[in-house]
Amino acid sequence: MEHEFHTKGETLEYYLGPGGDVVIPDGIAKIGKEAFNLYWRAYDTLTSVRFPDSVMKIGKRAFACCSGLTRITLPAGVKKIEDGAFSRCSGLTSLTIPEGVTTIGDDAFRECTGLTEVTLPDSLKKINKYAFSGCTGLTSIRIPKGVREIDPLAFTGCTGLAGYSVDGENKRYEVRDGLLMQGGTLVSCPAGRTNAVIPKGVTEIGMDAFFGCSMLTNVYIPDSVTLIGRNAFWKCAGLTEITIPASVTRIEGFAFGYCAALVSLTIPDSVSEIGVYAFTDCAALTRIDLPEGITELSDNIFYHCGSLSEVKIPNHVTRIGREAFSDCAGITSLTIPEGVAKIGH
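Fair warning: this is a prediction, and the values are worked out from it, not measured in the lab.

Report on the side chain of Asp 281, specifying residues and quantitative values.
Looking at where Asp 281 falls in the secondary structure, it is placed in the loop between β25 (273–274) and β26 (287–289). For Asp 281, which is buried and forms no salt bridge, the nearest opposite charge comes from Lys 235, at a distance of 9.4 Å. In contact with Asp 281, not counting residues within four places along its chain, are Tyr 258, Cys 259, Ala 260, Tyr 303, His 304 and Cys 305.

The following block contains the structure:
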């Protein structure tokens, strides 16, 4: 059995055994980077792992793509689960992360599609980007009281998830109508939602808030919102219409990129700034009404909007950015205002 585990000090560097039910030896403090997938290729033969109490850290991609892995019991001593540690372990169905863990790394459980139940500890402080992304079997998640930072992409692509819940003692986050909030900012809409009503009083739709909500068909934005953040509705492929209220003053870059079903859009005159690639690849977009207050069309703002045929450039525009209308095959004529002094390449 000794030859199966290659160690260096207290680190298990890699495993070359036959798989099945693996018992990691006592004294190991860290499961090293790619320990179970760097040299060992029989991913589907590993069915369970038993860790000794000495293990404190699960390294990057340590068990990535071990699709046959159906159960793990993490020891109480574990403090950190690093990036991609159990990504694409599609056989896992339930997971309890022990008290003591403070950080769940990027992609840690990404695309664990069989995962239906996750229990997070009160010790947890941070959930990183894509930590549970693509866990399509997950139907509920409770954010513990100790969490202070959740990346808005932590649960993107979890199409079975229709709402979040947050421990009542958490002082940073709250849930309103299933949406994850932080003060006046909407942090994240769960990917399983088909419609969303943003609560009155919200002032910002945060970066990536609706990122990849492909099942979303309509959303209500209240007149308290002033900012639509970067990537806010990126790849909301089912979104057919949206009304932007007159309270909004800024739409950041990539905000509506790849909203493939969006046909028309009116942007109120209150908006003075629209970021780069804001409407890139909106394939069905035929008409857009731009606000009179903007002074420039940002780079790639309508890039690859092949159906766009009606757009009036406001009179106060002085700059048209690089590739602003690139691949907009539906535009047959365009009037450039006299005040435009610069047109990008």
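Go over the sheet that holds strand β24 (residues 264–266), please, and point to the residues and values.
Taken in spatial order, the 3 strands make up an open sheet running β24-β26-β28, and their pairing is parallel. Each having just a single partner strand, β24 and β28 (310–311) make up the two edges of the open sheet. As defined by bridge partners, β26 adjoins β28 across 2 bridges and the pair is classed as parallel. Along β28, the bridge assignment pairs Ile 288 with Val 311.

Can you tell me about the pattern of salt bridges, naming the residues and giving the values?
Following the criterion strictly, the structure yields 16 salt bridges and no others. One salt bridge connects Lys 145 with Glu 169, and the closest N-O pair in it is separated by 3.9 Å. Pair noted here: Lys 145 is in the loop between β13 (142–143) and β14 (149–150) and Glu 169 is in the loop between β15 (165–166) and β16 (174–176), with a separation of 24 residues, a long-range link. For Glu 169, a relative accessible area of 52% puts it in the exposed group. Between Asp 177 and Arg 193 there is a salt bridge whose closest N-O contact spans 3.4 Å. Highlighted residues: Asp 177 in the loop between β16 and β17 (179–182) and Arg 193 in the loop between β18 (185–188) and β19 (195–197), separated in sequence by 16 residues. Connected via shared salt-bridge partners are Arg 88, Asp 107, Arg 110 and Glu 111.

Thresholds, definitions, all that
- Residues numbered from 1 in each chain as written.
- Predicted model: local features only at pLDDT ≥ 70, side-chain atom pairs only at ≥ 80, totals over all residues.
- Heavy atoms only, no water.
- Helix = DSSP H or I, 4+ residues; strand = E, 2+ residues; numbered from the N terminus.
- Buried < 20%, exposed > 50% of the residue type's maximum accessible area, 1.4 Å probe, protein only.
- Lys, Arg positive; Asp, Glu negative; His and termini not counted.
- Salt bridge = Lys/Arg side-chain N within 4 Å of Asp/Glu carboxyl O.
- Contact = heavy atoms within 4.5 Å.
- Pairing = 2+ DSSP bridges.

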